[in-house]
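# Topology and contacts: notes
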Amino acid sequence: MSLTLHKRIWALKNKAGIEEENFRLFLQSVTGKSSTKLLSELEQKNFIRAILKIHPHLKKKASKSELRTPEKYPSMGKREESLGFFAFITLDQLKYIHDLVSIINQKHLYKFTENTLPKRMYGKEASKLKRWEAVAVIEALKRISRRELKEKTENR
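An account of the accompanying structure is given in this report. (Residues numbered from 1 in each chain as written. Predicted model: local features only at pLDDT ≥ 70, side-chain atom pairs only at ≥ 80, totals over all residues. Heavy atoms only, no water.)

### Some points on the packing of helix α6 (residues 91–106) against helix α8 (residues 131–155)
Where α6 contacts α8, the axes come no closer than 10 Å and their chain directions differ by 20°. In terms of axis orientation, α6 runs roughly parallel to α8. The interaxial crossing formed by α6 with α8 has left-handed handedness. For the pair formed by α6 and α8, the contact residues are Gln 93, Tyr 96, Ile 97, Leu 100, Val 101, Ile 103 and Ile 104 on the first element and Arg 131, Ala 134, Val 135, Val 137, Ile 138, Leu 141, Lys 142, Ile 144, Ser 145 and Glu 148 on the second. In the contact of α6 with α8, the residues fall into twelve nonpolar, two polar and three charged. (Axes fitted to C-alpha atoms, helices over the stretch in contact; angles between N-to-C directions. Helix = DSSP H or I, 4+ residues; strand = E, 2+ residues; numbered from the N terminus. Parallel < 35°, antiparallel > 145°, perpendicular 65-115°, else oblique. Left-handed = near helix turned anticlockwise from the far one by under 90°. Contact = heavy atoms within 4.5 Å. Nonpolar A, V, L, I, M, F, W, Y, C, P; charged D, E, K, R; others polar.)

### Thoughts on the side chain of Glu 133
Structurally, Glu 133 can be placed in helix α8. The class of Glu 133 is buried, set by a relative accessible area of 6%. (Buried < 20%, exposed > 50% of the residue type's maximum accessible area, 1.4 Å probe, protein only.)

### Quick notes on the pattern of salt bridges
The full count for this structure, using the stated rule, is six salt bridges. Among the salt bridges present, the one from Arg 24 reaches Glu 20, with a minimum N-O distance of 3.1 Å. In this pair, Arg 24 and Glu 20 both sit in helix α2 (residues 20–31), four residues apart, roughly one turn of the helix. The closest approach of N and O atoms between Glu 41 and Lys 45, which form a salt bridge, is 3.9 Å. (Salt bridge = Lys/Arg side-chain N within 4 Å of Asp/Glu carboxyl O.)

### Quick look at α2
Its twelve residues place the ends of α2 16 Å apart at the C-alpha level, agreeing with the 16 Å of an ideal helix rising 1.5 Å per residue. Residues of α2 that are buried: Phe 23, Leu 27 and Thr 31. Considered in projection along α2, the buried side chains sweep an arc of 35° and stay on one side of the axis. In α2, the exposed positions that point more than 90 degrees away from the buried face belong to Glu 21, Leu 25 and Ser 29. The secondary structure elements touched by the buried residues of α2 are α1 (3–16) and α3 (41–54). Looking one or two residues past α2, Gly 32 carries a phi angle of roughly 85°, positive in sign. (Expected span 1.5 Å × (residues − 1). Arc of directions from axis to C-beta.)

### Observations regarding the nonpolar core
Generally speaking, soluble globular proteins have nonpolar side chains that are buried together. In this structure, Ile 97, Leu 117, Val 137 and Leu 141 are the most contacted members of the largest nonpolar core, which totals 14 residues. The set of elements that each furnish at least two residues to this core consists of α6 and α8. By residue number, the principal contributor to this core is α8, which donates six residues. Aside from chain neighbours lying at most four places away, what touches Val 137 is Ile 97, Leu 117, Pro 118, Met 121, Tyr 122 and Leu 129. Counting 13 residues, the second-largest nonpolar core is a separate cluster that includes Ala 16, Phe 47, Ile 48 and Leu 52. (Core = buried A, V, L, I, M, F, W, Y, C linked by side-chain atoms within 4.5 Å.)

Below is the structure:
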């Protein structure tokens, strides 16, 4: 009996959501034995194949790329920028800036456009910012929004 195969059998049982009684009946019908501890290594492998045949969704292993957060936009190093590739602002960042500006304008304390803060900070329009500059603008807009909320609650 292989301990790793034994653990794999029980892990598959749990992932498949098989109840204990049904699992025992299935084990008995496939191997003719009542306990997984009584199985030989070959019987364990055959039983694992039988479970995977019934539950094929358990067969797929998660790759490293699936475990990580998906990268919508590749990162750019200094070398790429020096070669002329620029990491301009992403559409998500541009939309986030637009949403933050509209929230701030709804509170009526400031009158911003999407380009007001980027022009003050970097002297260029929001659509021409680099990614790291966009992050700084977004953080500044968040701080402005928080400050407005704090001032509003203190005045009540």
